[in-house]
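Here's the letter readout for the chains.
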Amino acid sequence: MSAPVLENRRPSAGRLIGFALLLTAVSWGLGAFAAWPWAATDPGAAVIRVAFKHVAAFEHEAAARSKEELEKLPRHMRPQSPERSRTGRRVDTVLRVELDGRRVLERHYSPGGFRHDGPTFGYEEIPVAPGAHRLEAELSDAQAVRAESQGRRRWEVTQQVEIARGQALLVEFSEDTGLRIR
């Protein structure tokens, strides 16, 4: 019986040289692009950044689950407070930003989650000319825009701001403090 013949798995000299040339070309290309200056924004530009996470009101006032319904749920899925036992779709969130009396941004944001029952997240960057400006920002639930109601949820901030070249002004929202400019 003869010994089994194993194929030669070593690459040929031509393949090794080709791989080395390809690696050298890619390395030189990356080095050339790394030396090429690139900036995401102009270093001398001024910008207003708006960031928020907002839990909007429910679209329809749904009744809280009954005691019997809650007892049918497994113990780990039972809400700890009556507010958390409500469910349903949340309304959109509206963000408006005015600079010197001119509206520069108005946008609707949909709530997150598969059933649109989660919080709404938003992030916007608005390029502006450096200098003194009157900044007005408003964050509200979409239903508050459609119907002027008593239970309206709306937060506003108005402030005279000075934005220098290369500066980014932050307008942020939190449920505790509302809208504020930093």
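Chemist: Just to check I follow, could you spell out helix H1 (residues 13-35) for this structure?
Modeler: Because an α-helix packs 3.6 residues into every turn, residues spaced three or four apart end up facing the same way. In this model, H1 (23 residues) spans 33 Å end to end at C-alpha, consistent with the 33 Å of a helix rising 1.5 Å per residue. With zero of 23 residues buried, H1 lies mostly on the surface of the structure.

Chemist: What am I meant to see in the packing of aromatic side chains here?
Modeler: Aromatic rings considered in pairs are described by the distance between their centres and by the relative angle of their planes. Under the criterion given, the structure shown has three aromatic pairs. When the ring of Phe-33 is compared with that of Trp-36, the centres are 5.9 Å apart and the planes differ by 15°; the resulting orientation is stacked. Comparing Phe-33 with Trp-36, the two get one shared label, exposed.

Chemist: Sorry if this is basic, but what is going on with the sheet that holds strand S8 (residues 178-181) here?
Modeler: Pairing between sheet strands relies on hydrogen bonds along the backbone, with the strands arranged either parallel or antiparallel. If you trace the four strands from one edge of the open sheet to the other, you get S4-S1-S7-S8, paired in mixed fashion. The strands lining the two open edges of the sheet, one partner per strand, are strand S4 (120-128) and S8. Taken pair by pair, the neighbouring strands of this sheet meet at an average axis angle of 10°, ignoring direction. Two elements, strand S7 (residues 168-174) and S8, share four bridges in a ladder whose sense is antiparallel. Bridging across to S8, Glu-172 finds its partner in Arg-180.

Chemist: What's the story with the environment of Glu-98 in this structure? I'm lost.
Modeler: Note that Glu-98 resides in strand S2 (residues 93-99). Each C-alpha atom, one on Glu-98 and one on Ala-137, is 6.3 Å from the other, the two residues being 39 residues apart in sequence. Of note is the side chain of Glu-98, whose polar atom sits 3.2 Å from the side chain of Arg-103.

Analysis parameters
Residues numbered from 1 in each chain as written. Predicted model: local features only at pLDDT ≥ 70, side-chain atom pairs only at ≥ 80, totals over all residues. Heavy atoms only, no water. Helix = DSSP H or I, 4+ residues; strand = E, 2+ residues; numbered from the N terminus. Expected span 1.5 Å × (residues − 1). Buried < 20%, exposed > 50% of the residue type's maximum accessible area, 1.4 Å probe, protein only. Phe/Tyr/Trp six-rings, centres within 6.5 Å; stacked < 30°, edge-to-face > 60°. Pairing = 2+ DSSP bridges. Axes fitted to C-alpha atoms, helices over the stretch in contact; angles between N-to-C directions. Polar contact = N/O pair within 3.5 Å; in protein donor to acceptor, adjacent residues only side chain to side chain.

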